[in-house]
Every structure is written in structure tokens, then in C-alpha cells.
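Overview (structure and organization)
This is what each chain is made of:
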Protein chains: 2
Amino acid sequence: MSFDEALAYFQSNDHFLISTHESPDADGLGAQYALCRGLTALGKQAVALNSDAYSAKYSFIDPQDLIQTIGQCGDSLPWLASAHLVLLDTNDIHYAGQVAAFALAHKLPVFIIDHHELEASREISGYAVMEASSCCELIFELLKALGIEMQLDMAKALFAGIVYDTGSFSYSKTRAGTFQAAMEMVTLGVQPEQVHAALYESSSIQALLLKKNVLSTLELHRDNSIAIQTMTQETLIQSGASYIDAEDLINIPLQTKSVAVSILFKETDAKQIRCSLRAKGQINVAAIAQTFGGGGHKNAAGFKSTLPLADLKSKMLSLLQRLF
Amino acid sequence: MSFDEALAYFQSNDHFLISTHESPDADGLGAQYALCRGLTALGKQAVALNSDAYSAKYSFIDPQDLIQTIGQCGDSLPWLASAHLVLLDTNDIHYAGQVAAFALAHKLPVFIIDHHELEASREISGYAVMEASSCCELIFELLKALGIEMQLDMAKALFAGIVYDTGSFSYSKTRAGTFQAAMEMVTLGVQPEQVHAALYESSSIQALLLKKNVLSTLELHRDNSIAIQTMTQETLIQSGASYIDAEDLINIPLQTKSVAVSILFKETDAKQIRCSLRAKGQINVAAIAQTFGGGGHKNAAGFKSTLPLADLKSKMLSLLQRLF
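Here is a short report on the structure shown in this document. In this text the structure is predicted, and so the values were computed from the model without any measurement.

Here is what the cut-offs are and how they apply
Residues numbered from 1 in each chain as written. Chains lettered and ligands numbered in written order. Predicted model: local features only at pLDDT ≥ 70, side-chain atom pairs only at ≥ 80, totals over all residues. Heavy atoms only, no water. Least-squares fit on C-alpha atoms with pLDDT ≥ 70 in both. Contact = heavy atoms within 4.5 Å. Axes fitted to C-alpha atoms, helices over the stretch in contact; angles between N-to-C directions. Helix = DSSP H or I, 4+ residues; strand = E, 2+ residues; numbered from the N terminus. Left-handed = near helix turned anticlockwise from the far one by under 90°. Nonpolar A, V, L, I, M, F, W, Y, C, P; charged D, E, K, R; others polar. Phe/Tyr/Trp six-rings, centres within 6.5 Å; stacked < 30°, edge-to-face > 60°. Buried < 20%, exposed > 50% of the residue type's maximum accessible area, 1.4 Å probe, protein only. Buried area = accessible area lost by both parts, 1.4 Å probe. Salt bridge = Lys/Arg side-chain N within 4 Å of Asp/Glu carboxyl O. Polar contact = N/O pair within 3.5 Å; in protein donor to acceptor, adjacent residues only side chain to side chain. Pairing = 2+ DSSP bridges.

Remarks on the relation of the copies chain A and chain B
For these two chains of identical sequence, chain A goes onto chain B by a turn of 180° and a shift of 0.0 Å along the axis, with RMSD 0.1 Å. Here the copies are linked by what is in effect a two-fold axis. Within chain A, the C-alpha atom positioned nearest to the axis of rotation is that of A:Phe179, 2.7 Å from it. Residue by residue, 100% of the interface of chain A is reproduced at the interface of chain B, so both copies engage with the same surface.

Here it is, written out as C-alpha cells:
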């Protein structure tokens, strides 16, 4: 669907449920908040509704407390029969959790706005721009074209989503339009420093202790080109952190020039091991993950295994040798 | 001096030595490279010349190998008698090392382009904009106004400087003009991902080992609001890293919401201890550094001491209690 068709869609409908994927992130939430505010300003009925509550650290994105869970709202809407579901930051309704079941039960037409890769063979109903940095960048352009006056709270929410999804303007999809949008947001009064503090200086002390303890397990192999870190169940419990706090630790070794592959083994409570792999440049770790029954992209993949850690590690290392 | 006066300066002179501060960083080097390229394109004579060689990791900023050390060049320039020294990214000639002595010996007029704070009482000869994110942002605007066609290598050098000096568009001086400049650079073909990889994925394996070992010394005090890390001389030697690799480690604890002050004790080879302090928000660590004979800004300060580490730490902790 073209940009103009997407505009026509919002102009010609009046009742919107706006949602994003489960475990919503700053891009989904920022887009959701700003779109909800914008459509309401246009005189439309719009409600932002997710399958689960967002993490407390994202509350700065939703200063008017607009984003509800399906349990809080849902069936009570008087205009539900004529509502459309706008799904943001995912191209698959199955990632919307209970919202998917709700949409199905009420036969709501679904309209997707997304920027993720989509197989050429798949068609979605909605507006997808794979080259866009973030869903927030797309929503910014749509709101402008709809003639909606951007308020500071909306700009701040959208800026947060762009920063989050571009690694602060560093990932490959960061394009001229991304900087253009950021420029306009800052002109409206958004303070980059404030948004960064809210996004990145609010992690828990437990996450810091986890970083300390997991980094202390760092091993280097094959002339320092392979880095391995291990998070045992004991480490996780001792630090008091949650499993999700381990997410970024795999990226630390990749800041090193010689490290081409970074691996993180995480023991889950079921004595299963989850393994994440990240690679730089031309190295393809998806094939390795597939060997263990997992999957992913060339530079980011993962799998689960019930092999003992030592066996898993030696099997992994011998497979990795072939990649170089 | 106004922007127009700065333009007139470059239009009315013909021979330029272009330099930056000692231990040059990406902002100084990017500005130096692009200005040298730009003035040469205008038909001027321009040579980029520093007191010391830049770190190998910055060589991507200078693909034409234009930036020399004063030992390589200096006295041999035929037009030295009519040369001006343009000093970038510092407002004090004393930070230019041997270039300062050289300028004095040859009685070169000095013209400063900078964006650092300047006491109101001090006057410099040159163009200083304290609100600018970086020296590279200023050079970008000047080159455009001089009618110089921006080539990709120049844009890439300037983009690197902006990314470096703004913490990737996150520090408080990141303004609309910063994003405007970035947008134009990306339109010219700069790839943010590539610049980030060159700046931030090229640290040494020794620096990674140092991070692991220093982070393992992390202590938390006063309800997790004070973080202390210690780098002994032994840790430094064991990791094989250089002293400068310790620079960023102090920032890790500040990503935690509860940590308001982060301290790093570094043992130097002279059995002296260098202490760095960083703070968030309203906490002023400069006063503490002054107590120990050091100095700095409200949120970033430091000092040297010959006290034993244990004594220093307990004295520091009791002083810190008063700040909260």
C-alpha cells in the first residue's frame, strides 16, 4: 500500500483500536502513543490497547497514561462494532497476543504499519516500509501528512522510539529521513539528553551486578576472534536480576576489533541452555543455530539445547572453526 | 566573531596551517581533515599538522593521509612566513603542544574555531560557538557557506566527529542543526553504521580484558547510589591494555538508575592514585575533587593522590555522604 493510500485509510475511518506486539518496546509504544494522540486530535475515536502492560521504564513515553491492557478495556467500548485494529511495529498479528484473539472474536479489520523485513511472497493489509528506521519514523510522516499539529509529548514519544530502534542513529536503516524527523522533533522542544537518560540510565542495580558477573566468565578463543560468556542459573539468582537483563551482554565483546563472533550461554531454570550468537561482517551464525535446531538471521541467531554446557561449548567451537 | 566574519577570514587569507589539540580525538581530526580538504578545493594552500600522531583507530577519518605531525613537516613549508594557524576544537593554544611553540617561534597569527565553554572574561581571536555540538558541526556550516562542494570523504570525517562529540546524538548540546548536518551528510552517502563500526567496534582485546577485570572490582555503597571501581597497576599490566583504555569504564555504573556517583581509582606506575568522579543530575563532584587538590566540572571531576587506597576510599565515602 502506498503512503497516500495509508493516509486515505485514516481519513476515511473513524474508530481505531491501536496496538503493538507483546512485550512492547519503545518503538511500538512511541508509535502507539503518538498515533492515538494524533487521531484523537483529528476528532476520531482512538484507544491504545495491548496484550500486556509495558515495562515501568517506558512510562515516560505515555505521560497521559493512554496505553491500556486489554483486560482494562476491551469489550466495554461502545463503538467496537465499527472499530479497526491498527497494529504497529510487527507484520504478524500472532505477535499481538490476546489482542489477536480479541480482533478475531470481534471480526475487526486489521491494518498493519511496520518496518520489518517481509518475505516477498507475503502480503499484508497495511503500510510497510522495510527501509524505514522505525515504526515511529513512519508514524511521524503520516501524522504530518494528516495535518496534525505535533505536540511536544507526541514528538518525545516518537523520538524515543527512533532512538531505541536505531541504536541512537547507528544501525544500518538510519537514513536521511530519520535525521530529518529528529531535527523537526528537536525543533519542537525534544531534548535528546533527557530521552537518553530515560531510556538508558534507568537499568536496575541487579542488571549491573549481572553484567559484572557474566562478563567475569568471558573466554576468548581462536586468536581472540570468538568470545564466550556464560550465565549460570546461580549467577542469575545471586545478582537478583531478571532473565531479560542478560539481553545486551552479548554485545560487549563485539566492540572489540578482533572479536567476530560473540556467544552467550544462558542456563534456564529447566536446566536447559539457551544460546545466543552474534556475528560481525560476513560471518553467518544462523547456520550454526540451525545445526542445533534453532534459527535467526546471518548476524544474530539462537537456539535451545539440553546438552551439558561443556559438551555444547566444545561442539560449538568445532563448528565455529569452519566459519572463518 | 560572527559567522560572516569567520567566512571573510577564510576568504581573505591564502595560507593555512590547520591543527587541533594534543591527543587528537575524532572531532578535532574530522574538522581538521574536512577544513584542509575544503580550503585546498578553494585554491588555498592548507596543511594539517599536529603535535602528535593520532591513534591508529582514527585513520578512517583521514583516508588521504593529510594529517601530519610537526616533525614530518613544519619548517619546510615555502609559504610559512605568510601562514595563519587555524586551531580547532580547543580555545587554548597551550593544548596544542609543540604546535604552540612552533606558532610562537614563527610568529604565526592564530585563529581558533571551537565549541567549548569559555569564561566570559576571556577573549579569543576566532569563531567560538558554545552551543554547537562539535567543532565538526561548525566546520560543516562554514564549508557550505564558503561554497565548497562537500565530498563524501569530507562528510564522513565530519559525521565521525559529530557522532564522537555528541555520544551519538545524545549529549545536551545535540541541537536541530546537528541533526540537519547529519541529514545532509547521509544524503551525500555517509553510512552511519559504517562510521559507528569504525569508532566503536575497533577497541583492543586488551581493553575488553581490562573492562572485565576492573568491573569485577565493583563495590556499591549508600543504598547502591555510589559505585566504586578500582584499577590496580597489576590489573592494567595483566590485561596488557593501555592506561587510556580505562577511560570509559567509569560510565558503566551510571547506566543504573540508582547510581548517582561513579568513582574510578586508577593506580599509576608511580604508586600514585588518580581518581575520576562522575555524577548524574544535581550532584556536584567538583567540590570533592577540589578537597583533594583536583578540579573539574559539576558532573565530571578528578584528582591525584598519594594516600593509600584504603584511606582514600574511606575519606572519599565520608565526603560523599554529605552530598546527598
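Structure shown, so let's carry the discussion forward.
Quick look at the packing of helix H5 (residues 152-166) of chain A against helix H7 (residues 192-200) of chain A
Residue and element names in this part refer to chain A. For the pair H5 and H7, interaxial distance at closest approach is 10 Å and the crossing angle is 60°. Remark: the crossing between H5 and H7 carries right-handed chirality. Contact with H5, carried on its side by Lys156, Phe159, Ala160, Val163 and Tyr164, involves Pro192, Gln194, Val195, His196, Leu199 and Tyr200 of H7 and no other residues of that element. Here the contact of H5 with H7 is built from residues that sort into eight nonpolar, two polar and one charged.

Regarding the packing of aromatic side chains
Per the stated rule, a full pass over the model turns up 26 aromatic pairs over all chains. Look at A:Tyr9 and A:Phe10: their rings are 5.0 Å apart centre to centre, the planes differ by 75°, and that puts the pair in the edge-to-face class. Take A:Tyr9 and A:Phe10: they sit in the same class, and that class is buried. Members of the aromatic cluster, connected to one another through ring pairs, are A:Phe159, A:Phe169, A:Phe179, B:Phe159, B:Phe169 and B:Phe179.

Quick word on the interface of chain A and chain B
Between chain A and chain B, the contact holds 42 residues from the first and 42 residues from the second. With both sides pooled, the region where chain A packs onto chain B buries about 3,500 Å², and carbon together with sulfur makes up 67% of that total. Between the two partners, chain A and chain B, sit zero salt bridges. Applying the counting criterion to the chain A and chain B interface returns 15 residue pairs in polar contact (both at pLDDT 80 or more). Elements with a contribution of two residues or more to the side of chain A that touches chain B: helix H6 (176-187), H7 and helix H8 (205-215) of chain A. Looking at the side of chain A that touches chain B, the element that brings in the most residues is H6(A), giving seven residues. For the side of chain A that touches chain B, the class distribution of residues is 20 nonpolar, 15 polar and seven charged.

Section: the sheet that holds strand S6 (residues 126-128) of chain A
Residue and element names in this part refer to chain A. Taken together, the six strands give an open sheet; going across it, the order is S3-S2-S1-S4-S5-S6, and neighbouring strands pair in parallel fashion. Edge strands, defined here as strands with exactly one partner in the open sheet, are strand S3 (67-69) and S6. Across the sheet, the mean angle separating the axes of adjacent strands is 30° when strand polarity is ignored. Pairing of strand S4 (residues 84-88) with strand S5 (residues 110-114), which is carried by four bridges, proceeds in the parallel orientation. Residue Leu87 lies in a different strand from S5, and its bridge partner there is Ile112. Lying over the sheet, helix H1 (residues 3-12) contacts strand S1 (15-20), S4, S5 and S6, oriented at roughly 135° with respect to S5.

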